[in-house]
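Coordinate inspection notes
Spelled out, the chains give:
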Amino acid sequence: MKPEQFRELLAEKGVVLTDQQMAQYRIYFDYLVEWNAKINLTAITDQEGVYLKHFYDSLTLSFIQEFDNEAYHLCDVGSGAGFPSIPLKIAFPHLKITIVDSLNKRIKFLSELVEALDLSDVTLCHSRAEDFGQNKAYREQFDFVTARAVARLNVLSELCLPLVKKDGYFLAMKAAKSEEELSEAQKAIAVLGGKFIRETTTTLPSSEEDKRSLIVIQKKKETPKKYPRKAGTPNKSPLK
């Protein structure tokens, strides 16, 4: 996907980008390639691949959820190179963003990127998601919490739902629709105070086979204080 095609296809979805925002995506691409030579951020480094499978893919969240409220605060768990939160922040500058990642090298990259893009209201946190979810300063503070292909849904739910405020949403981005994942996560979602709302399948413009699944879970009640469990436990022993 070339940058101008990226812009045109997003405009068809109602996401209209200015020249300044397009320049920010160009800077993002340049930083990603430059830093990827030093630390492993992504296997995708060609321009068309980055614009399609990182930038456009990240913005598919805005196709199912409006981010028009200036007070919205979104937390991105296990963001890696900043996906999906930084592409969303560029497109919706009023969004407040908090990024959590366990690797300090990635946080350093994101810190320099945020400065280069001149973004405000972006908080970067070097932390394991399990520890972050027990931090009173962040627990149940976010309108939206998202994660992009970090783990299976039952594990992701334990890492993300404790951070969602009541009536807020956990938005899980998965590579493909998985009835099995949804089925095995039902108990975890309920125990953690969530309610499954819907699953939407999106196809990336490149190929009918390049599908993405967006799962929407609403926070209906407070998460029990013992969740998330200590670091490593959710992955080793998922809620069933």
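What comes next is a walk through the structure. Here the structure is a predicted model, which means the values were calculated and not measured.

**Focus on the nonpolar core**
Grouped together as the largest cluster of nonpolar side chains are 48 residues, with contacts concentrated most on Phe 6, Tyr 25, Phe 55, Phe 67, Ile 86 and Phe 109. The residues touching Ile 86, leaving out its near neighbours within four places in the chain, are Tyr 28, Ile 99, Leu 110, Leu 113, Val 114, Leu 117 and Leu 119.

**Re the environment of Ile 215**
In this structure, Ile 215 sits in strand 7 (residues 211–219). Taking relative accessible area as the criterion, Ile 215 reaches 4% and is therefore assigned buried. In the structure, Ile 215 is positioned 189 residues away from Arg 26 in sequence and 29 Å away in space, judged by C-alpha atoms. With residues up to four places along the chain from it excluded, the contact list for Ile 215 reads Leu 153, Phe 170, Leu 171, Ala 172, Lys 174, Leu 182, Phe 196, Arg 198 and Glu 199.

**Considerations on the sheet that holds strand 3 (residues 122–126)**
Read from one edge of the open sheet, seven strands run 3-2-1-4-5-7-6, paired in mixed fashion. Each edge of the open sheet is held by one strand with a lone partner, namely strand 3 and strand 6 (194–203). Neighbour-to-neighbour, the strand axes of this sheet turn through a mean angle of 20°, independent of strand direction. Of the pairings in the sheet, the one linking strand 1 (residues 73–77) to strand 2 (residues 96–101) comprises five bridges and is parallel in character. Looking at the pairing, Asp 76 lines up with Ile 99 of strand 2. Strand contacts of helix 3 (residues 47–59): strand 4 (142–148), strand 5 (164–174) and strand 7, with the helix running at about 150° to strand 4, the strand carrying the most contacts. Sitting on the sheet, helix 6 (residues 104–117) touches strand 2 and strand 3, and the angle it makes with strand 3 is about 165°.

Thresholds, definitions, all that
- Residues numbered from 1 in each chain as written.
- Predicted model: local features only at pLDDT ≥ 70, side-chain atom pairs only at ≥ 80, totals over all residues.
- Heavy atoms only, no water.
- Core = buried A, V, L, I, M, F, W, Y, C linked by side-chain atoms within 4.5 Å.
- Buried < 20%, exposed > 50% of the residue type's maximum accessible area, 1.4 Å probe, protein only.
- Contact = heavy atoms within 4.5 Å.
- Helix = DSSP H or I, 4+ residues; strand = E, 2+ residues; numbered from the N terminus.
- Pairing = 2+ DSSP bridges.
- Axes fitted to C-alpha atoms, helices over the stretch in contact; angles between N-to-C directions.

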